[in-house]
Amino acid sequence: EASQAGESCFPATGGPPGVYADSAVLDLEGYALAPGEYRFTVGIAKEPLMVGRDVEASVVLTVLETQWTGAPVTLLAVHPEQLRVNPNEPIFIGGSVQGGGIVWSCLEGDLASVPGQLESSVSNSIYSDYISLLPGALTGNQQYRFRASGTGAAAGLFSEVVVTTNEAPWGGTLEAETTSGLEAQTLFTFALRDWIDRPEDMPLSYAFSYRKLGIDATLTPLGAKTASNIYQAYLPAGSYVIVAQVFDVHGASVSVESETITVGLGSAGQGRRR
């Protein structure tokens, strides 16, 4: 027969429950309860639910104030290894504390302006020794200030790190020498021109791909990443868009697309189809 279980926690002095869980097990994170007395109650009911088929039991838990008797409490937030981080990649910010816990917050940058934004921008929890920011969580060319605040015996302590994000190259264009031609006869030339970045982010590198217009939007690489900003290729018959990427030395990149490239059948192809 099915049964249901749930736990709730009431302050020992009375009042509404502070915690409720519809589960047979209730797990609480460290430092979730402040010093004081708490009454935990578990209720178990058997289906079909009716009078006489349920029971409750409770226990009083006393939480004592932490007495840290070891070394003096210290809290340290650790800056990422890179001077400027790439916002398109995961970003790890670590911390360390003795005798307590850590909760993270963002005090400067666009994550600071929206309540709860930091919580949704990490792959773990802000109540942790570290935070792992998701790719795309930060904006390029911005400065962020993160604070690790102590909890428990470390309450009142904090440490901060300032993180500056890298910006992808900017300002350039993708030019096609011609936008129409014939299969196996026209050598198409594509050039990425006038892209710039900070001197410390140079040199730039480039990658070219094409996407055939129609149902299939798959990108097909036209070779590996290269130091040359010019690419030449013979293209098969069809209509295409050339997609080029520009990378800085840290891996930050921007994509740009060409006009539609139209490739018709050459004389050899026309002969084969007769």
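Thresholds, definitions, all that
Residues numbered from 1 in each chain as written. Predicted model: local features only at pLDDT ≥ 70, side-chain atom pairs only at ≥ 80, totals over all residues. Heavy atoms only, no water. Salt bridge = Lys/Arg side-chain N within 4 Å of Asp/Glu carboxyl O. Helix = DSSP H or I, 4+ residues; strand = E, 2+ residues; numbered from the N terminus. Buried < 20%, exposed > 50% of the residue type's maximum accessible area, 1.4 Å probe, protein only. Phe/Tyr/Trp six-rings, centres within 6.5 Å; stacked < 30°, edge-to-face > 60°. Lys NZ or Arg CZ within 6 Å of the ring centre and 35° of its normal. Core = buried A, V, L, I, M, F, W, Y, C linked by side-chain atoms within 4.5 Å. Contact = heavy atoms within 4.5 Å. Pairing = 2+ DSSP bridges. Axes fitted to C-alpha atoms, helices over the stretch in contact; angles between N-to-C directions.

Chemist: Help me out: how do you make sense of the pattern of salt bridges in this one?
Modeler: When the charged atoms of two side chains lie near each other, side chains of opposite charge can form a pair. Within the structure shown, the criterion is met by seven salt bridges. Its salt-bridge partner being Arg84, residue Glu200 comes within 3.3 Å of it at the nearest N-O pair. Of the two residues, Glu200 sits in the loop between β13 (188–193) and β14 (205–212) while Arg84 sits in the loop between β5 (75–78) and β6 (91–97), which places them 116 residues apart along the sequence. When its relative accessible area of 45% is taken as the criterion, Glu200 is described as partly exposed. According to the relative accessible area criterion, Arg84 is buried, its value standing at 14%. With a closest N to O distance of 2.5 Å, Glu160 and Arg147 form a salt bridge. In this pair, Glu160 sits in strand β10 (residues 158–164) while Arg147 sits in strand β9 (residues 143–152), placing the two residues 13 residues apart along the sequence. Three or more residues are tied together by salt bridges with common partners; here these are Glu108, Arg145, Arg147 and Glu160.

Chemist: For this particular structure, what's the right way to read the packing of aromatic side chains?
Modeler: If you walk through the whole model with that rule in mind, you get five aromatic pairs. Between Tyr144 and Phe146, the aromatic rings sit 6.2 Å apart at their centres with planes inclined by 15°, giving stacked as the arrangement. Phe146 gets classed as buried once you look at its relative accessible area, which sits at 0%. Seen in terms of ring centroids, Tyr210 and Tyr240 are 5.1 Å apart; in terms of plane orientation they differ by 90°. Their pairing is edge-to-face. One end of the pair, Tyr210, is in strand β14; the other, Tyr240, is in strand β17 (residues 238–247), with 30 residues separating them in the sequence. Accessibility classification places Tyr210 together with Tyr240 in one group, the buried group. The positively charged end of Arg147 is found above the aromatic ring belonging to Phe158, 3.8 Å away from the centroid. Above the ring of Phe247, the side-chain terminus of Lys225 is found at 4.0 Å from the ring centroid.

Chemist: Is there a simple way to think about the nonpolar core in this case?
Modeler: Within soluble globular proteins, side chains that are nonpolar generally end up buried alongside one another. Ile93, Trp104, Leu111, Leu118, Leu133, Leu138 and Phe146 are the most contacted members of the largest nonpolar core, which has 23 residues in total. Going through the elements one at a time, β5, β6, β7 (100–108), β8 (130–133), β9 and β10 are the ones with two or more residues in this core. The element best represented in this core is β7, accounting for four residues. Counting 18 residues, the second-largest nonpolar core is a separate cluster that includes Leu174, Phe190, Ile242 and Val246.

Chemist: Would you mind going over the side chain of Ser121 with me for this structure?
Modeler: Along the chain, Ser121 turns up in the loop between β7 and β8. In this structure Ser121 comes out as buried when scored by relative accessible area, which is 5%. Once residues within four sequence positions are removed from consideration, Ser121 is found in contact with Leu111, Ser132, Leu133, Leu134 and Ala137.

Chemist: Looking at this model, I keep getting lost on the sheet that holds strand β16 (residues 230–233). Mind explaining?
Modeler: Strands pair in a sheet through their backbones, by hydrogen bonds, and they do so in one of two ways: parallel or antiparallel. The antiparallel open sheet is built from three strands, whose spatial order is β11-β13-β16. The open sheet has two edge strands with one neighbour each: β11 (173–176) and β16. Each adjacent strand pair in this sheet contributes to an overall mean axis angle of 15°, direction not counted. The pairing of β11 with β13 spans four bridges and is antiparallel. Residue Leu174 lies in a different strand from β13, and its bridge partner there is Leu192.

Chemist: What's the story with the environment of Leu174 in this structure? I'm lost.
Modeler: Residue placement: Leu174 occurs in strand β11. Residue classification places Leu174 among the buried positions, given a relative accessible area of 13%. For the pair formed by Leu174 and Ala244, sequence separation is 70 residues and the distance between their alpha carbons is 7.4 Å.

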